[in-house]
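Given next are the chains, with one letter for each unit.
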Amino acid sequence: MKHKFALPLLFLALLSWSCSNDDGTDSDTDIDQDEDVELSSAFEEFDNDNLNIYLDGSQVVIETNGLPNHTSPYWSNTTARTAQNGNMTLTTPAAATNHALFVEPTVTSHEQMAPGNIDDFNGSYTLRVPANPTKASTSSATGLGAIGIAISGAVIYNDQEGPNVPLDDAAPSLDYSGAHTGPQSYHYHLEPKAWSIDDTALIGIISDGFFLYGRKCASNGTYPMDLDASGGHTATTQFHNTAIYHYHTQNELYLNQYYILFPGDYQGTPNAIN
């Protein structure tokens, strides 16, 4: 299976439940590959236009243009806005017309939004992960920048806004899908409501090769009760009949209203997203 992607614009519940489903299967690929290595059918959920996903031996290569496939107030539009960065005033100029996926802000506002529009960024990324990832002997902390790639094409960040700076002050700038722009691309910090609201949806893949799902299990629609410190466990999913390790969006309120995608440590070995 291969996806095609467009080039980016080069401008600036008292029981312990497990997730299980008898309908999910893994799919084969017609690309040269190591014996017994398959491309998970979960990758069929990733956007066909924004991502290119294929097997290279025992690795999965995920290429994305970094653009989301859904609406946001961060697409270019006819409203200019400014943002303060210390003593600097950063201006995002008005466009001549609204982008086709632009919508007016709802949970944020033009005044609170971060500088830059989605289509101002060169957000191309490539991630190579094992087709069959394994947990590492010890966990490791996430860093700033992209820590995963969402099924929409945009990237996933952790719960920090800067070095040892929590997301608190920047939370008002996040759009309906828990994302904003900067410094290198449009990216998600919170549950992406464009396609996942308190449900079982596949969110994307973390850089250690493990998939990230919504807050609930696909088989029974309940919250898993056996998650580790990183929000992960080993269980079947809607795409895997055999139990595999995977993560879930944290089902704990942050600032009394948000659900963070991934505030924990990597349980596998992280790979560079560049």
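Residues numbered from 1 in each chain as written. Predicted model: local features only at pLDDT ≥ 70, side-chain atom pairs only at ≥ 80, totals over all residues. Heavy atoms only, no water.

**Structural notes on a nonpolar patch on the surface**
A contiguous nonpolar patch, built from V107, Y176 and I197 and spanning about 290 Å² of accessible area, is present on the exposed surface. The class for I197 is partly exposed, based on a relative accessible area of 44%. (Patch = residues over 30% accessible without salt bridge, like charges linked within 9 Å, V, L, I, M, F, W, Y side chains within 5 Å. Areas by Shrake-Rupley, 256 points an atom, 1.4 Å probe, with all protein chains shown as cover. Salt bridge = Lys/Arg side-chain N within 4 Å of Asp/Glu carboxyl O. Buried < 20%, exposed > 50% of the residue type's maximum accessible area, 1.4 Å probe, protein only.)

**Things to note about the sheet that holds strand β5 (residues 125-130)**
The strand order across the open sheet built from three strands is β1-β2-β5, with neighbouring strands paired in antiparallel fashion. Where the open sheet ends on each side, the last strands, each with one partner, are β1 (51-56) and β5. The average undirected angle you get between the axes of adjacent strands in this sheet is 15°. As paired elements, strand β2 (residues 59-64) and β5 share six bridges and run antiparallel to each other. Within β5, the residue paired with V61 across the bridge is R128. (Pairing = 2+ DSSP bridges. Helix = DSSP H or I, 4+ residues; strand = E, 2+ residues; numbered from the N terminus. Axes fitted to C-alpha atoms, helices over the stretch in contact; angles between N-to-C directions.)

**With respect to the nonpolar core**
Counting residues in each nonpolar core, the largest one holds 50 residues, and the members touching the most others are F43, F46, V60, I62, I156, Y188 and I205. Elements with a contribution of two residues or more to this core: β1, β2, β5, β7 (148-150), β8 (155-156), β13 (202-206), β14 (211-213) and β16 (240-248). Considering each element in turn, this core owes the most residues, four residues, to β13. Counting residues in each nonpolar core, the second largest holds eight residues, with A170, L190, Y254 and Y258 among its members. (Core = buried A, V, L, I, M, F, W, Y, C linked by side-chain atoms within 4.5 Å.)

**Brief notes about the layout of surface pockets**
Size it by volume and the largest pocket reaches roughly 520 Å³. In this structure, the largest pocket is lined by 25 residues; those nearest its centre are A114, P115, E161, A170 and H180. Sorting the residues of the lining of the largest pocket by element identifies β3 (81-85) and β9 (160-162) as the ones contributing at least two each. Looking at the lining of the largest pocket, its residues break down into nine nonpolar, 13 polar and three charged. (1 Å grid on protein atoms, 1.4 Å probe; cavity = no way out; pocket = protein on both sides within 12 Å on 5 of 7 lines; lining within 4 Å. Points joined across faces, edges and corners; volume = space filled by probe spheres on them. Nonpolar A, V, L, I, M, F, W, Y, C, P; charged D, E, K, R; others polar.)

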